[in-house]
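Chain and residue survey
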Amino acid sequence: MLEIDRAAPLYVQIASTFTRQVAKGALRPGDRVPSLRRLSRQHRVSMSTALQAYLWLENHGYIEARPQSGFYVRTPFARLIPEPQFEAKRLVTTALGTDAILSNILAAAQDPANIPFGAGAASPELFPNRRLDLILRRIIRQQPLHSSHYVFPPGAEPLRRQIARRAAESHCSLSPGEITITCGALEAIHLALRAVAHRGTVIAVESPAYFGILGSAASLGMKVVEIPTHPQQGMDLAELDRAVRRHNVKVCITMTNCQNPLGYVLPDSYKKALVELAEKHNLVVIEDEVYGDLVFQGPRPRPLKSFDRKGMVLLCSSVSKTVSPGLRIGWVAAGQFHAEIERLKLLTNVATAALPQLIIAEFLQSGGYDRHLKRLRATLAAQMEAVRQAIAKYFPDGTRISRPAGGYMLWVQLPPEIDALKLYKDALAEHISILPGTIFSATGRFKNCIRINCGHAWSETHDRALLTLSRLCDRFV
């Protein structure tokens, strides 16, 4: 169910009261809904407005019309599409090598001539560009020497204070002094790996896992063990426990909120259990929290760090997915490894640029971020559902699609005969950029899976591109 504000058209507001009843279980699949005349009387609106509300609900998959009988609640669309299968694999350690195709994939994803289903970035128009520009002009006018000096680690204090304040809202107790500003979340993760591990260290990752994490581990000469990961229930903690004992795993990297690429949000009970497992084995956990603010429904979920009492969880995040990719502002709250993170940050690139830190600090302080997030979440949820419905409509039988609780990534498991890497190349010839599943695994798994970015405004062009992808899939049959 999407959150509908009072600025929406009246028929959408009426429809939203219905979706809330479905979400709470007051209306169930198969129930008959009030007639148009009754709905009109209940809400004191015209018959045409009542009809518009029902047409909106029908188009969004909440109800169905039955001839000579009226409207009925239908099984939610999301439940009609099977999710990717969960596969438990034998655990082996892998010495990572540089993926020769990754640079080509990323270059293709950045080409403006391609339909951008590949790169993990949202449409530029979804970001608060005008507001950021106003802040930029004010800083330039009031602080003309803003970039005439280094802002040494841990970074600009006003920004760290705002990050700590927001963390408290999700039950994560951090002080500004515990936070180090970085050039994006990936630098935060890379610094975290350097601070807690060394060449040859065995680290555990989800499977599938964000390819940037695999690349960082490879560049540092670390070994990876992939932990089977369920599309809704997350990394198998029993398998993680066995991996720690069998393979001497020292570090675990995880995303418990809006995981990339599966999109799940895990419950607090899971997060507590993971922290307890880490404490039991003295296991360091690096938490990638870059999508946590983009949950579609309900309050912002708690990060894993909020359950950490021994400083063993290093929380890494950024504003790249929510406010501005180009400003390159990220951070790490490193617990007992804070001093080492600061030292490594200083040695790596001295400091993060001052001006972007000042801009983001003021944006967070002004309250503009919360208003922006409300709109962004609703937009991304709608775009996600449009892509899911198009894939379900066009793609071959046997296709399975993830059910993300937030973010803007879809994981699509295609029939086994489809080679995702070849599909990627064929799609690129049609100017469509996707990501093949193999780059999300250290062992070359997910050969029939692809990741689709839903962060761009839905249009007929995107619909046609997915139809073209489905036709390319037909070539493998």
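Values in this document were obtained by computation on a predicted structure and should not be read as measured data.

A few words now on the overall build of the chain. When you go through the chain residue by residue, the secondary structure sums to 16 helices and 17 strands. Taking 2.2 N^0.38 as the reference for a compact globule, 477 residues should give roughly 23 Å; the C-alpha atoms of the chain span a radius of gyration of 23 Å, in line with that estimate. On the principal axes, the C-alpha backbone points of the chain span a range of 75 × 60 × 45 Å. By the burial criterion, 55% of the 477 residues in the chain qualify as buried. Sequence separation of 24 or more characterises 74% of the internal contacts of the chain that already satisfy a separation of 6 or more. Total accessible area computed for the chain in this model is approximately 21000 Å², and 51% of it derives from carbon and sulfur atoms.

Glancing now at the sheet that holds strand E17 (residues 449–453). On the basis of which strands lie adjacent, the open sheet formed by four strands has the order E13-E14-E17-E16 and antiparallel pairing. Looking at strand neighbours, the two that pair on one side only are strand E13 (400–401) and strand E16 (435–436), the edges of this open sheet. Here strand E14 (residues 409–413) pairs with E17 via five bridges, running antiparallel. Bridge pairing in E17 places tryptophan 411 opposite arginine 451. In the packing of helix H14 (residues 368–394) onto the sheet, contacts are made with E13, E14 and E17, and the angle to E14 comes to roughly 15 degrees.

Time to look at the pairing of strand E1 (residues 63–66). As judged from the four bridges shared by E1 and strand E2 (residues 70–73), these two strands associate in the antiparallel manner. Across the sheet, the residue bridging to glutamate 64 is tyrosine 72, located in E2.

A few words now on the nonpolar core. The biggest cluster of nonpolar side chains holds 108 residues, and the ones touching the most others in it are Leu240, Leu423, Ile434, Ile452 and Leu469. For this core, the element with the highest residue contribution is H14, accounting for ten residues. Setting aside residues no more than four positions away along its own chain, isoleucine 452 makes contact with Phe117, Val387, Ile391, Tyr408, Met409, Leu410, Val412, Ile434 and Leu469. Counting residues in hydrophobic clusters, the runner-up holds 30 residues, among them Ile213, Ala217, Met222 and Ile286.

A word on the pairing of strand E11 (residues 313–318). Judged by how many residues are buried, E11 sits mostly within the fold: six of six residues are covered. Burial of E11 is two-sided: the residues Val313, Leu315 and Ser317 facing one way and the residues Leu314, Cys316 and Ser318 facing the other way are all buried. Bridge analysis of E11 against strand E12 (residues 330–333) gives four bridges, and the strand direction is antiparallel. By the bridge assignment for E12, leucine 315 is matched with alanine 333.

On to the environment of leucine 376, then. Topologically, leucine 376 is positioned in helix H14. The class for leucine 376 is buried, based on a relative accessible area of 4%. A sequence separation of 83 residues divides leucine 376 from aspartate 293, and the C-alpha atoms of the two residues are 10.0 Å apart. Leucine 376 has contacts with Leu126, Leu294, Lys321 and Thr322, leaving out every residue within four places of it along the chain.

What follows is about the environment of alanine 197. Following the sequence through the fold, alanine 197 ends up in the loop between helix H8 (184–196) and strand E6 (202–207). Assessed through its relative accessible area of 12%, alanine 197 is described here as buried. The spatial distance from the C-alpha of alanine 197 to the C-alpha of glutamine 143 is 40 Å, given a sequence separation of 54 residues. Contacts of alanine 197, omitting those with residues within four sequence positions, involve Met222 and Val251.

The next thing to look at is the packing of helix H13 (residues 354–366) against H14. Viewed as axis vectors pointing N to C, H13 and H14 meet at an angle of 80 degrees, and their least axial separation amounts to 4 Å. Classified by the angle between their axes, H13 and H14 sit roughly perpendicular to one another. In contact with Phe363, Leu364 and Ser366 of H13, H14 contributes Gly368, Tyr369, Arg371 and His372. Class assignment for the residues of the contact of H13 with H14 results in three nonpolar, three polar and one charged.

Since one α-helical turn is 3.6 residues long, residues separated by three or four positions face the same way. Of all the positions in helix H5 (residues 102–110), only Leu102, Ile105, Ala108 and Ala109 are classed as buried. For H5, the buried positions fall inside an angular range of 130 degrees around the axis, keeping them on one side. Of the exposed residues in H5, the ones pointing more than 90 degrees away from its buried face are Asn104 and Gln110. As for H5, its buried residues are in contact with helix H9 (211–219), helix H15 (420–429), strand E15 (432–433) and E16.

Counting across every chain of the model gives eight aromatic pairs. Ring centres of phenylalanine 211 and phenylalanine 440 lie 5.5 Å apart, and the angle between their planes is 80 degrees; this geometry places the pair in the edge-to-face category. On the criterion of sequence distance, the pair formed by phenylalanine 211 in helix H9 and phenylalanine 440 in the loop between E16 and E17 is long-range, its members being 229 residues apart. Judged on exposure class, the residue phenylalanine 211 and its partner phenylalanine 440 are both buried. Aromatic ring contacts, followed pair by pair, group Tyr210, Phe211, Trp411, Phe440 and Phe446 into a single cluster. Looking at arginine 302, its charged tip hangs above the ring of phenylalanine 307, at a distance of 4.1 Å from the centre.

Let us now look at the confidence of the model for the chain. Mean pLDDT over the chain: 91, with 94% of residues reaching 70 or higher. A low-confidence stretch, residues 1–5 stays under pLDDT 50, and its non-local contacts, those more than four residues away or across chains, total 16 contacts.

One can describe the packing of H8 onto helix H12 (residues 338–349) by two numbers: an axis separation of 9 Å at closest approach and a directional angle of 115 degrees. Both H8 and H12 take part in a crossing whose hand is right-handed. Residues Glu187, Leu191, Ala192, Arg194 and Ala195 of H8 lie in contact with H12, whose contacting residues are Glu340, Ile341, Leu344, Lys345, Thr348 and Asn349. Residues of the contact of H8 with H12, tallied by class, amount to five nonpolar, two polar and four charged.

Scoring rules and cut-offs
Here the residue numbers are simple positions, counted from 1 along each chain's written sequence. For a predicted model such as this one, the threshold for reporting local features is a pLDDT of at least 70, and the threshold for listing and counting side-chain atom pairs is 80 or more; totals across whole chains, interfaces and linings nevertheless cover every residue. The side-chain figures draw on all heavy atoms in the structure; neither hydrogens nor water molecules are used. Under the DSSP-based scheme used, a helix requires at least four consecutive residues in state H or I and a strand at least two consecutive residues in state E, with every element numbered from the N terminus. The atom set for the radius of gyration is the C-alpha atoms, and the globule formula is 2.2 Å times the number of residues raised to the power 0.38. Only protein chains enter the area calculation, which uses a 1.4 Å probe; residues under 20% of their type maximum are buried, those over 50% are exposed, and those in between are partly exposed. By definition, residues are in contact when any of their heavy atoms lie within 4.5 Å. In short, Shrake-Rupley with a 1.4 Å probe defines the accessible areas, and a residue's cover is counted only from the protein chains shown. Strands qualify as paired when DSSP identifies two bridges or more between them. Axes here refer to lines fitted to C-alpha atoms; in helices the fit is confined to the stretch in contact. Angles between the N-to-C directions go from 0 to 180 degrees. Take the buried Ala, Val, Leu, Ile, Met, Phe, Trp, Tyr and Cys residues and link them wherever side-chain atoms come within 4.5 Å; each set so joined is a nonpolar core. Angles are sorted into four bins: roughly parallel if under 35 degrees, roughly antiparallel if over 145, roughly perpendicular if 65 to 115, and oblique for all others. Asp, Glu, Lys and Arg are counted as charged, while Ala, Val, Leu, Ile, Met, Phe, Trp, Tyr, Cys and Pro are counted as nonpolar; the rest, among them Gly, fall into the polar class. The arc in question is formed by the directions pointing from the helix axis toward the C-beta atoms. Only rings of Phe, Tyr and Trp enter the pairing, Trp through its six-membered ring, and a pair is recorded when the two centres are within 6.5 Å. The plane angle decides the type: under 30 degrees is stacked, over 60 is edge-to-face, the rest tilted. Counting as a charge over the ring demands two things of the Lys NZ or Arg CZ atom: a distance within 6 Å of the ring centre and an angle within 35 degrees of the ring normal. Confidence scores labelled pLDDT are given residue by residue by the predictor and lie between 0 and 100. The crossing is said to be left-handed when, going from far helix to near helix, the turn is anticlockwise and less than a right angle, and right-handed when the turn is clockwise.

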